[in-house]
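# Per-entry structural report
So you can see what is in the structure, the chains are spelled out below.
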Amino acid sequence: MHPAKSIILFTTLSGLGFGFLAFLCVGPSPVTGWGAVAGFASGLALAGAGLMASAFHLGHPERALKAFTQWRSSWLSREGWLACATLAVTGANAAFAVFAGIRVPPLAWLGAVLCVITLTATSMIYAQLKTVPRWNHWTTTALFLLLAFCGGALLSAMTWTAVTLLAGTGLVQCYAWRIGDSRLRASGTTSATATGLGGSGAVRSFEPPHTGDSYLTREMIHVIARRHSRKLRRTAFLLSFLLPVALLSAASAYGQAIWAAAICAHVAGVFVLRWLFFAEAEHVVGFYYGRR
C-alpha cells in the first residue's frame with residue numbers, strides 16, 4: 001500500500017505517546033511535580049500530534065468529526081473515541097500529579113488500561129483487513145503494542161525493562177517479516193479469483209481495467225523491490241533494536257547523552273518500520289489490475 005507520510009506519523013507518534021503515558025501512569029516510580037509536567041506534557045503532545053496527523057490523510061479533513069458516528073462498525077471510529085477518553089483520563093491523572101503531588105491508583109490504572117485498549121483499536125484498523133493478508137495476523141496487534149511499550153520504557157528511563165522489551169520485540173518483528181512474506185501466497189488469491197474468471201481457464205492480464213489512475217491504484221497498490229525491502233529491514237532492525245540495546249548498555253557509564261541517542265535511534269527505526277509496514281502490504285486488489 002502507499003506509505004503516506006501522515007499515516008506513518010500517526011502510527012509512530014501516537015504509539016510512542018500512548019506507550020509513554022501508560023508507563024507514567026503505572027510505572028514503579030511515581031512522577032509528580034515538575035517531573036510530571038514534563039513527562040505528561042510530552043506524552044500528551046506525542047499522542048495528540050499523532051492523532052492530528054491522521055486527519056490529514058482524510059480526503060476532507062474538515063469532516064473528521066463525522067468519523068466518530070461510525071463506532072458500531074468502524075475500528076477507526078472506535079479508536080477516535082478511545083483516544084479521547086484516554087487523553088481525558090491521563091490528563092486528569094496528570095493534574096493530580098502536578099497540582100496535588102499525588103498519584104490516584106484507580107485513575108492511573110484506568111489511564112494505563114485505556115492506553116493499551118486504544119493502541120489495540122489502532123492496530124485493528126489494519127489487522128482486521130482480510131484483503132491485506134500480511135496485516136491480517138496476530139503479529140500486527142502484538143507489534144503495535146510492543147513497539148509502544150518499547151518507546152514508553154525508553155522515555156521513562158527504565159533501562160532493563162527497555163532492553164528486555166527491545167529484545168523481545170525484535171524477535172517478534174523478525175517472525176512477522178518471515179510469516180508475512182508468505183501470507184499473500186497462502187491466501188490463495190490470484191488473478192483468476194480477483195476477476196472471477198477462474199472457470200474459463202488460465203487468466204492473465206491483457207490490459208488494465210482503465211487507462212488512468214484511480215483511488216485504488218494510488219492508495220492500495222505499491223510495489224517495493226525485494227532488494228530495497230531487505231536493505232530497509234536491516235536498517236530498521238539496527239536502528240529500532242540493536243543500536244538502542246547497545247547504547248543502553250553504556251548509558252550508565254556515559255550519561256544522558258547516550259540515553260538520548262538510544263531514544264533517537266529507536267524512534268528513527270520505528271519510522272522506517274512503519275514505512276515498511278505500509279509499503280510491503282500487498283492488497284489483493286493488485287491482482288485485478290495485474291500488478292502482483
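This is a predicted model, so every value here is computed, not measured.

## With respect to the overall build of the protein
Along its length, the protein carries 12 helices and zero strands. By the burial criterion, 44% of the 292 residues in the protein qualify as buried. Put simply, 77% of the contacts in the protein that link residues at least 6 apart link residues at least 24 apart. Only carbon and sulfur atoms are counted for the fraction: they give 67% of the accessible area of the protein, which is about 14700 Å².

## Comments concerning the nonpolar core
Counting residues in each nonpolar core, the largest one holds 31 residues, and the members touching the most others are Phe18, Leu21, Phe40, Tyr126, Trp135 and Phe278. When residues of this core are traced back to their parent elements, those giving at least two are helix H1 (5–26), helix H2 (33–55), helix H3 (75–100), helix H4 (105–127), helix H5 (138–155) and helix H11 (256–279). Ranked by residue count, the leading element in this core is H1, at nine residues. Counting 28 residues, the second largest nonpolar core, distinct from the first, contains Leu154, Leu165, Leu248 and Val267.

## A closer look at empty space enclosed by the protein
Take a probe with the size of a water molecule and roll it over the atoms, and the empty space left behind shows itself. Per the counting criterion, the structure on display carries two cavities of 30 Å³ or more. Ranked by the residues each element gives to the lining of the largest cavity, the list is headed by H5, at five residues. The residue makeup of the lining of the largest cavity, split by class, is nine nonpolar, three polar and three charged. Quantified by volume, the second largest cavity comes out at close to 90 Å³. Each residue belonging to the lining of the second largest cavity can be placed in one class, and the counts come to seven nonpolar, four polar and one charged.

## A closer look at the state of the cysteines
Simply put, the disulfide is a covalent bond whose two ends are the sulfur atoms of two cysteines. Per the stated rule, a full pass over the model turns up zero disulfides. With no disulfide partner, cysteine 25 has as its closest neighbouring cysteine sulfur the one in cysteine 115, 5.7 Å distant. Judged by relative accessible area, which is 0%, cysteine 25 ranks as buried.

## Concerning the side chain of arginine 274
Mapped onto the fold, arginine 274 is located in helix H11. Of the side chains bearing the opposite charge, glutamate 280 lies closest to the buried arginine 274, which forms no salt bridge; the N-O distance is 11 Å. Look past the residues within four positions of arginine 274 in its chain and what remains in contact with it is Ile8, Thr11, Thr12, Leu143, Phe144 and Leu147.

## Re the packing of H1 against H4
Close contact between H1 and H4 brings their axes to 8 Å; oriented N to C, the two are set at 160°. Put simply, H1 runs roughly antiparallel to H4. The handedness of the crossing between H1 and H4 is left-handed. Here H1 contributes Ile7, Phe10, Thr11, Ser14, Gly15, Phe18, Gly19, Leu21, Ala22, Cys25 and Val26 to the contact with H4, which in turn contributes Ala108, Trp109, Gly111, Ala112, Cys115, Thr118, Leu119, Thr122 and Tyr126. Within the contact of H1 with H4, the residues separate by chemical class into 13 nonpolar, seven polar and no charged.

## Description of the packing of aromatic side chains
Applying the stated criterion across every chain yields a total of 10 aromatic pairs. Aromatic pair tyrosine 126 and phenylalanine 277: ring centres 5.6 Å apart, planes at 90°, arrangement edge-to-face. Residue tyrosine 126 is located in helix H4, and its partner phenylalanine 277 is located in helix H11; the two are separated by 151 residues in the primary sequence. Of the two residues, tyrosine 126 and phenylalanine 277, both sit in the buried class.

## Remarks on H3
Helix length check: H3 (26 residues) gives 36 Å between terminal C-alpha atoms against 38 Å at 1.5 Å per residue, within 8%. Regarding H3, the residues found buried are Ser77, Glu79, Gly80, Ala83, Thr86, Val89, Thr90, Asn93, Ala94 and Ala97. Two to three positions downstream of the cap, the backbone nitrogen of leucine 76 sits 3.2 Å from a side-chain oxygen, assigning the N-cap of H3 to serine 74. One or two steps after H3, the chain reaches glycine 101, where phi turns positive at roughly 70°.

## Topic: the environment of threonine 235
Relative to the assigned elements, threonine 235 resides in helix H10 (residues 226–254). For threonine 235, a relative accessible area of 33% corresponds to the partly exposed category. For the pair threonine 235 and valine 272, spaced 37 residues apart in sequence, the C-alpha separation works out to 7.9 Å. Among the polar contacts made by the side chain of threonine 235, one reaches the main-chain carbonyl oxygen of lysine 231 at a distance of 3.0 Å.

## Quick notes on the pattern of salt bridges
Going through the model one piece at a time under the given rule, you end up with five salt bridges. The salt bridge involving aspartate 181 is made with arginine 230; its shortest N-O contact spans 3.6 Å. You can see aspartate 181 sitting in the loop between helix H6 (159–180) and helix H7 (183–186) and its partner arginine 230 sitting in helix H10, a full 49 residues away along the chain. For aspartate 181, a relative accessible area of 27% translates into the label partly exposed.

Parameters and conventions
Residues numbered from 1 in each chain as written. Predicted model: local features only at pLDDT ≥ 70, side-chain atom pairs only at ≥ 80, totals over all residues. Heavy atoms only, no water. Helix = DSSP H or I, 4+ residues; strand = E, 2+ residues; numbered from the N terminus. Buried < 20%, exposed > 50% of the residue type's maximum accessible area, 1.4 Å probe, protein only. Contact = heavy atoms within 4.5 Å. Areas by Shrake-Rupley, 256 points an atom, 1.4 Å probe, with all protein chains shown as cover. Core = buried A, V, L, I, M, F, W, Y, C linked by side-chain atoms within 4.5 Å. 1 Å grid on protein atoms, 1.4 Å probe; cavity = no way out; pocket = protein on both sides within 12 Å on 5 of 7 lines; lining within 4 Å. Points joined across faces, edges and corners; volume = space filled by probe spheres on them. Nonpolar A, V, L, I, M, F, W, Y, C, P; charged D, E, K, R; others polar. Disulfide = S-S within 2.5 Å. Lys, Arg positive; Asp, Glu negative; His and termini not counted. Salt bridge = Lys/Arg side-chain N within 4 Å of Asp/Glu carboxyl O. Axes fitted to C-alpha atoms, helices over the stretch in contact; angles between N-to-C directions. Parallel < 35°, antiparallel > 145°, perpendicular 65-115°, else oblique. Left-handed = near helix turned anticlockwise from the far one by under 90°. Phe/Tyr/Trp six-rings, centres within 6.5 Å; stacked < 30°, edge-to-face > 60°. Expected span 1.5 Å × (residues − 1). Polar contact = N/O pair within 3.5 Å; in protein donor to acceptor, adjacent residues only side chain to side chain.

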